[in-house]
Amino acid sequence: MNELPSIEQIASCVSGYDPNALPVAQAQEFIARFVTPVAAVESIALRATLGRVLAADVVSPIDVPAHDNSAMDGFALRGADLAAEGDTRLRVVGTGLAGQQFDGAAPARGECVRIMTGAVMPPGLDTVVPQEFTRSDGDVVVIPAGAVRTGDNRRLAGEDLARGEAALTAGRLIRPADLGLAASLGRAELPVRRRLRVAFFSTGDELRSIGEPLDAGCVYDSNRYTIHGMLARLGVDAIDMGVVRDDPAALEAAFRAAADCADAVITSGGVSVGEADYTKQTMAKLGEVAFWRIAMRPGRPMAIGRIHAAGPGSKAAVLFGLPGNPVAVMVTFYAFVRDALLRMAGAAPEPLPMLSARSAEAIRKKPGRTEYQRGRVVRGADGDWHVSLTGAQGSGILRSMSQANGLVVLRHEQGSVAAGERVDVMPFDGLV
Ligand code: AMP
Ligand code: MG
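Residues numbered from 1 in each chain as written. Chains lettered and ligands numbered in written order. Predicted model: local features only at pLDDT ≥ 70, side-chain atom pairs only at ≥ 80, totals over all residues. Heavy atoms only, no water.

(A) Molecular detail of the site of ligand 1. The local shell around ligand 1 holds 15 residues, among which Glu-206, Asp-221, Ser-222, Gly-270 and Gly-324 are the closest. A distance of 3.4 Å separates a nitrogen atom of ligand 1 from a polar side-chain atom of Ser-202. Contacts to ligand 1 include Gly-324, whose backbone N or O atom sits 3.0 Å from an oxygen atom. If ligand 1 stood free it would expose 490 Å²; the protein chains cover 78% of that surface. Split into classes, the residues belonging to the shell around ligand 1 amount to three nonpolar, nine polar and three charged. (Near = heavy atom within 4 Å. Polar contact = N/O pair within 3.5 Å; in protein donor to acceptor, adjacent residues only side chain to side chain. Areas by Shrake-Rupley, 256 points an atom, 1.4 Å probe, with all protein chains shown as cover. Nonpolar A, V, L, I, M, F, W, Y, C, P; charged D, E, K, R; others polar.)

(B) Layout of unusual backbone geometry. A cis amide bond, omega -5°, links Val-64 with the succeeding residue Pro-65. Residue Arg-297 is joined to Pro-298 through a cis peptide bond whose omega torsion reads -10°. In this structure, Asn-153 takes a positive phi of about 60° despite not being glycine. Along the chain, Asn-153 turns up in the loop between β10 (140-143) and β11 (154-155). Judged by its relative accessible area of 25%, Asn-153 is partly exposed. (Helix = DSSP H or I, 4+ residues; strand = E, 2+ residues; numbered from the N terminus. Buried < 20%, exposed > 50% of the residue type's maximum accessible area, 1.4 Å probe, protein only.)

(C) How the structure looks around the packing of aromatic side chains. Tallying each qualifying case throughout the model produces five aromatic pairs. With a centroid separation of 5.0 Å and 90° between ring planes, the pair formed by Phe-30 and Trp-292 is classed as edge-to-face. Of the two residues, Phe-30 sits in helix α2 (residues 24-34) while Trp-292 sits in strand β19 (residues 287-297), which places them 262 residues apart along the sequence. Judged by its relative accessible area of 2%, Trp-292 is buried. Put simply, the rings of Tyr-17, Phe-30, Phe-34 and Trp-292 pair up and form one aromatic cluster. Lying across the ring of Phe-291, Lys-280 places its NZ or CZ 5.2 Å from the centre. The ring of Trp-385 is capped by Arg-379, whose NZ or CZ atom sits 5.3 Å from the centre of that ring. (Phe/Tyr/Trp six-rings, centres within 6.5 Å; stacked < 30°, edge-to-face > 60°. Lys NZ or Arg CZ within 6 Å of the ring centre and 35° of its normal.)

(D) Representation of the sheet that holds strand β6 (residues 88-96). The mixed open sheet is built from six strands, whose spatial order is β8-β5-β7-β6-β10-β9. Strands with a single pairing partner mark the edges of an open sheet, and in this sheet they are β8 (127-130) and β9 (135-137). Direction aside, neighbouring strands of the sheet carry axes that sit 40° apart on average. As paired strands, β6 and β10 are joined by four bridges and run antiparallel to one another. Looking across to β10, one finds that Arg-89 is bridged to Val-142. (Pairing = 2+ DSSP bridges. Axes fitted to C-alpha atoms, helices over the stretch in contact; angles between N-to-C directions.)

(E) Structural view of the side chain of Asp-81. Structurally, the position occupied by Asp-81 is in the loop between β5 (74-77) and β6. Of the polar contacts made by the side chain of Asp-81, one reaches the backbone nitrogen of Gly-110; its length is 2.8 Å. Not counting residues within four places of it along the chain, the set of residues in contact with Asp-81 comprises Thr-88, Leu-90, Arg-109, Gly-110 and Glu-111. (Contact = heavy atoms within 4.5 Å.)

(F) Quick peek at the pairing of β6. Pairing of β6 with strand β7 (residues 111-115), which is carried by four bridges, proceeds in the parallel orientation. Considered in β7, the bridge of Thr-95 is made with Arg-114.

(G) Structural view of α2. Along α2, the residues classified as buried are Val-24, Gln-26, Ala-27, Phe-30, Ile-31 and Phe-34. Seen along its axis, α2 keeps its buried residues to an arc of 165°; they face one direction. (Arc of directions from axis to C-beta.)

(H) Main features of a nonpolar patch on the surface. Taken together, the side chains of Ile-210, Leu-214, Tyr-220 and Tyr-225 make up a nonpolar region of the molecular surface, amounting to roughly 410 Å² of accessible area. Examined against the element boundaries, Ile-210 turns out to sit in the loop between β15 (207-208) and β16 (219-220). Judged by its relative accessible area of 60%, Ile-210 is exposed. (Patch = residues over 30% accessible without salt bridge, like charges linked within 9 Å, V, L, I, M, F, W, Y side chains within 5 Å. Salt bridge = Lys/Arg side-chain N within 4 Å of Asp/Glu carboxyl O.)

(I) Spotlight on helix α4 (residues 223-234). Helix length check: α4 (twelve residues) gives 17 Å between terminal C-alpha atoms against 16 Å at 1.5 Å per residue, within 8%. For α4, the full list of buried residues reads Asn-223, Arg-224, Thr-226, Ile-227, Met-230, Leu-231 and Leu-234. Down the axis of α4, the buried set is contained in an arc of 160°. They therefore lie on one face. At its buried positions, α4 is contacted by β14 (197-203), β17 (237-244), β18 (264-268) and α7 (326-344). (Expected span 1.5 Å × (residues − 1).)

(J) View of the packing of α4 against α7. α7 packs onto α4 with a crossing angle of 30° between their chain directions and a minimal axis gap of 11 Å. By the angle between their directions, the pair α4 and α7 is classed as roughly parallel. In this structure, the crossing between α4 and α7 has a hand that is right-handed. Contacts from Asn-223, Thr-226, Ile-227, Met-230, Leu-231 and Leu-234 in α4 reach Pro-326, Val-329, Met-330, Phe-333, Tyr-334, Arg-338, Leu-341 and Leu-342 in α7. (Parallel < 35°, antiparallel > 145°, perpendicular 65-115°, else oblique. Left-handed = near helix turned anticlockwise from the far one by under 90°.)

(K) Layout of the side chain of Ser-359. Among the secondary structure elements, Ser-359 is positioned in strand β22 (residues 355-359). Given a relative accessible area of 3%, Ser-359 falls into the buried group. With near-sequence residues (within four places) excluded, Ser-359 lies in contact with Val-387, Val-417, Ala-418, Ala-419, Gly-420, Glu-421 and Val-423.

(L) Structural detail: the nonpolar core. Ile-266, Phe-320 and Leu-341 are the most contacted members of the largest nonpolar core, which totals 54 residues. For this core, the element with the highest residue contribution is α7, accounting for 13 residues. Split by domain, the residues of this core number at least three in each of domain 1 (7-40 + 195-344) and domain 4 (355-427). Contacts of Phe-320, omitting those with residues within four sequence positions, involve Ile-31, Ala-264, Val-265, Ile-266, Thr-267, Met-302, Ala-303, Ile-304, Val-337, Ala-340 and Leu-341. (Core = buried A, V, L, I, M, F, W, Y, C linked by side-chain atoms within 4.5 Å. Domains from an automatic or database assignment.)

(M) Just the environment of Glu-288, in detail. By the secondary structure assignment, Glu-288 is in strand β19. Put simply, Glu-288 and Ser-6 are 282 residues apart on the chain and 8.0 Å apart in space, counted from C-alpha to C-alpha. Every residue in contact with Glu-288, bar those within four places of it in the chain, is listed here: Ser-6, Ile-7, Glu-8, Ile-304, Gly-305 and Arg-306. Looking at Glu-288, its side chain comes within polar contact range of the main-chain nitrogen of Ile-7, at 2.9 Å.

Rendered as structure tokens:
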């Protein structure tokens, strides 16, 4: 663990690194350099690999499909037999069924074979005319001019996957099509990285857990629930460690236990600049932690680093110290933590797709920070995407997030937005 690059080493690689006014893009670059993937690999049953990270390329041992075959029910023929003008008349000399080799003699010129979808193309034949384009005349099939061209409706051997080709590459988050693709190669198991373990807890004396009475001045802890949900969607093993009081001994015990059992630790609260509690002190005491002020809204304060279970050299975990405000927790998770956890899980995350939508309203925005507003994006009668904000956008107003179906991402350099102007929207579908 000691050979991992230090915060100073990584900071020196990120151009213009300033922990007190860090642009989102630089924070993302820092984090991508800071985290390393888990090494352990396990081989598991194909169905169970859904959502896991593939640990090695899956190379096709066979051509898929193995033979040239028909894409339609109809008649297999030789393209060279098609008449340039007028009907083509071919004698039907056999039948090709799916799952069987054609066992007749190779058809001669002027002959064709009745064939089913998926059946192997008889030798010498290269084209299939769908049944519905033809008519029968005794043992002769009549094909009108222009019904097919040479090569139509024939699937080529290896057109899906050629033998020796990587069907799936390492780092892929396995999706339904990948299960099917691996199955088409006859793979019963796949090697995947072990599941990432992520421990999380909330900090703050004002927090109460569900089931406890809500004393004066207190709020129920909601961050552990949104974090639980976001982690569950990522497919990691999430370890909920509850609420930790703002007490040095309790915080230290919690951080050590979390570092001991998990690859990553997520906390919320207590990282604001000038915060008069022990969270930051304890983080700094147990490891190597940078405290950032990010040029973003919401979610300005954040801590990132590595904390140890039992002193230097002992087992370490990556720490994400998120702000306390409920919307800021979700926004910083999606802006930074999600990508970092995917990288730690061994995945090669792709940038999330964005919609370009017209803003229904004017939005005030200062250049020099990235803003994440909550919006509802809908398709208008004009075929374009239109987005409206979900009411008050305070960083504590979780309802703005709950009612949204996407984040309006106002870029670092961007200024105020006029009504009707285009903005980027990161849809929640696919993200959560
Ligand atoms: P902090 O970052 O600790 O200063 O917290 C900022 C705001 O977020 C305060 O109003 C806290 O009460 C609130 N907050 C912190 N943690 C939580 C939590 N787990 N659930 C709900 N609100 C929280
Ligand atoms: Mg606090």
